[in-house]
Amino acid sequence: MNRLMRLARSPRVAIALILGISVYTGAVTMVPQESLFPVEHAQWLVSGSPFVRPLVAFGFDRAYTNPVFLLLAAALAFSTAVCSWDRTRTSLRLWQGRGTVAPALASRLASRTPLTTILGDAQAAQDVVGEAMSSLRMRRRAGATLTYAERGAIGLFGSPLFHWALVALIVVVALGQLTRWEGLIGVTQGAATNEVASSFGKLNQGPWPAPHTGWQLVVTGVEEDMERGDVHYGVVPTVAVMSGQEVLAEAAVYPNNPLREGPLLIHLSDYGLAVRVEVLDAEGRSQGSSSRLVDFDDAASSGTRPSGFDVNDAGSKIASVSVEVPARDLDGMLPRLLPPDPVAAVSADLSDGTKVSRRLGRGEEMPLAQGWQLKVTDISYYARLSVVRDWSVPWIYALLLVATAGLVLAILVPYRAVWLRLDETADGVLVRAVAVQHRKDSYFQEALVEALKQAAGAAGVEVSETAHGEGERA
Amino acid sequence: MSEYVEIVVMWAAVTLYAASAVLFVLGLVFRRPALITAGLWAGSIGMLPHLAAIGGRWIRVGHGPYLGFYEVVSSYSLMTVAALLLITKRFPALRIAGVVVMPIAFLLLGGSMLAPKAGLEITAKLASWWLTIHVAFAKLSYGAFVAAMVLGVVYLFRDRMTGRAAALAKKFPPEAEIDDLTFRFLAVGFIFLGIMIAAGAIWANEAWGRYWAWDPIETWSLISWLVYAAVLHARLTLGWRDRRFAWAAVAALPIVLFALIGVPVVYNSIHGAYLTGY
């Protein structure tokens, strides 16, 4: 255990872990990641490269859930936590000991070679030291023979704050990944879709996903050519989040303008066209209706990718139906808009072996086998919404802010303290110094001597330059 | 400013940067301080048409210099020269750093002039204040890291020169001062890079609904931050100072350069559009 703690405390180990993670993450950017580039990943798998098998075997195509990465990150978090603890203790000790003179410090100060000699009396020396400290912007607490001065004491807590924030950030990110979920859900204009797992076309979730809300998502309107300032947003849906009849939130959803409600963050991922169809049996009774989501496709002759489904009667197939919406304009261009008079191009392979194709407008029907009918009730837009539930995001933002504040404090407000001992002798007042400074500026001692010289010069007091000691680095 | 005028003005900047680079090199080779001063003047004057061209384009296309190779790399060239002027204003003796900086600035700007210059429109995904903050801090961090690298080179030059070159090197500020200044630029760049990454994460969450996706640019930005974290950690805990720290400041810069300019060219990334167009 002691050995583990020693390792965790070691700056060399910390640096090795930081560089280890850098090398690992840099190397795996060369491997197509399954979650980030699914298409490239699939192509890479069949590319015949000799590296595919070993890399996949070791899970480097899922690099950020790979045990190697998780182990490195956990080790870094542990090392940072131990380091934070030590830094906090050191900072508290320095904070509490500010201005006090421990016996060891007093004897060190007494035995130190004088930094300089002020050729004047004790009062003149005190004035010179006071002025010198002011010029270094150090706050002074003067005694008869000992003077203490400090600057940037608050900066003592910068480094602990930064390191604790990093530890918390790693923990919160990890916990967030375990419980977050993110999915794509298609919502037809004018229709409600329940926010439950089964409604999502694609759902990525951690091992312990947070529950779904069960709220309804409704696209209440669509603006076809939204502009804000000079920016064209194109087709923008207005989305409402409802709980029963109550509208919880409603807003136009477009990039950089997601809809937030409770734990949900809703973005527009894409949009397409929706054909609402109803199936009628031989007696004209409705046997169900659904929305067929049709995506725009530049490669398709109609401009949309067909959506297929089966019509069944008690387990026996009536027809296999395919629906698309011709969306090209007269010039053959694809404006990616709902045509002015939309029609659905429906083709069906019937159970009797025949094939039927029709173009149906809103309210029009076509016959299927056994006297059944397919009716197009509406053609409209649909919005493919990306819905995320991730409690960790606001905490991550807050921790980033705390980490930045800590870093700024640690770097821009360095703590400096100096104890000066003044001993009056026949030759003048000897000035001895012990300094504590976090940044360890190598020229702080020179700055101190220079400030004393400047202050003495301003006060008309001479300074002997013959005796120079060393300020101590802490 | 029309595109034609902008290009003419930009070429004026390229020419002045080239002249500046040549003057700096000649000044060093022939040990003529007057040539070095002239090089600094040429670089400073070159910044004026450079700023004017970037400003004019900003007004014309309606957004800052962050879309497309031409805008992005040209603005990094401007930051490089700005970093040199900032250092030389504080420490005039460090003017010699122009020997390193001005050829870099010239190559960056000259290279950007070879790229397409058509203005790219702000798309819906790019219309965010977080993008502005993200880009601003990217450029600031780059400027700070370039300054740290240049100071590292100057330190090593001062440290290693012998004979007649040593006399020239002695005109620079004391090594301890250069070392501390290198640390300050590196530390400030580290803060800026951190803010850039944080702003980018917030923007990504607003635009795409996820704050981090291990996209190659995100990953390499994180790697840059981690490498600089390691360098700072080494200084503050292991006492890496002087020569070793100077080498680290020099060696870390290519990583950040690769993250900012190289990654969009090498990798297929949704992020890469800012440099390679969309």
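Now for a look at the structure at hand. (Residues numbered from 1 in each chain as written. Chains lettered and ligands numbered in written order. Predicted model: local features only at pLDDT ≥ 70, side-chain atom pairs only at ≥ 80, totals over all residues. Heavy atoms only, no water.)

Residue and element names in this part refer to chain B. Here Val250 shows up in helix H9 (residues 242-266). Between the alpha carbons of Val250 and Leu35 there is a distance of 26 Å; along the sequence they are 215 residues apart. Ignoring sequence-local partners within four residues, the contact set of Val250 consists of Met149, Gly152, Val153 and Leu156. (Helix = DSSP H or I, 4+ residues; strand = E, 2+ residues; numbered from the N terminus. Contact = heavy atoms within 4.5 Å.)

Turning to the sheet that holds strand E13 (residues 307-313) of chain A, a few remarks are in order. Residue and element names in this part refer to chain A. Ordered in space as E13-E14-E15-E16, the 4 strands form an open sheet in which the pairing is antiparallel. Lying at the two open borders of the sheet, with one neighbouring strand each, are E13 and strand E16 (355-360). The mean angle between the axes of side-by-side strands here comes to 20°, regardless of whether they run parallel or antiparallel. With 6 bridges joining them, strand E15 (residues 344-350) and E16 adopt antiparallel strand pairing. Across the sheet, Ala345 pairs through a bridge with Arg359, a residue of E16. (Pairing = 2+ DSSP bridges. Axes fitted to C-alpha atoms, helices over the stretch in contact; angles between N-to-C directions.)

Residue and element names in this part refer to chain A. Of the strand pairs in this sheet, strand E4 (residues 181-188) and strand E6 (residues 202-205) are connected by 4 bridges, and their pairing is antiparallel. Residue pairing across strands places Trp181 opposite Gln205, the latter belonging to E6. In this structure, E4 lies alongside strand E18 (residues 373-389), joined through 8 bridges in antiparallel fashion. Considered in E18, the bridge of Gly183 is made with Val387.

This part takes up a negative patch on the surface. Among the surface-exposed residues, Glu223, Glu224, Asp225, Glu227 and Asp230 of chain A together with Glu121 of chain B lie close enough to one another that they form a single negatively charged patch. Mapped onto the elements of the fold, Glu121 of chain B is located in the loop between helix H4 (98-113) and helix H5 (129-160). Glu121 of chain B gets classed as exposed once you look at its relative accessible area, which sits at 58%. (Patch = residues over 30% accessible without salt bridge, like charges linked within 9 Å, V, L, I, M, F, W, Y side chains within 5 Å. Areas by Shrake-Rupley, 256 points an atom, 1.4 Å probe, with all protein chains shown as cover. Salt bridge = Lys/Arg side-chain N within 4 Å of Asp/Glu carboxyl O. Lys, Arg positive; Asp, Glu negative; His and termini not counted. Charge placed at Lys NZ, Arg CZ, Asp CG, Glu CD. Buried < 20%, exposed > 50% of the residue type's maximum accessible area, 1.4 Å probe, protein only.)

Turning our attention to the interface of chain A and chain B. Contacts between chain A and chain B engage 53 residues on the former and 48 residues on the latter. One can count 1 salt bridge joining chain A with chain B. Residue Glu206 of chain B is joined to Arg260 of chain A by a salt bridge in which the shortest nitrogen-to-oxygen separation is 2.3 Å. Applying the counting criterion to the chain A and chain B interface returns 13 residue pairs in polar contact (both at pLDDT 80 or more). Within the residue set of the side of chain A that touches chain B, elements represented by two or more residues are helix H2 (11-28), helix H5 (67-96), helix H8 (158-179), strand E8 (231-243), strand E11 (264-280), E18 and helix H9 (392-412) of chain A. Classifying every residue of the side of chain A that touches chain B gives 29 nonpolar, 14 polar and 10 charged. (Polar contact = N/O pair within 3.5 Å; in protein donor to acceptor, adjacent residues only side chain to side chain. Nonpolar A, V, L, I, M, F, W, Y, C, P; charged D, E, K, R; others polar.)

Keep in mind these values describe shape, not function.
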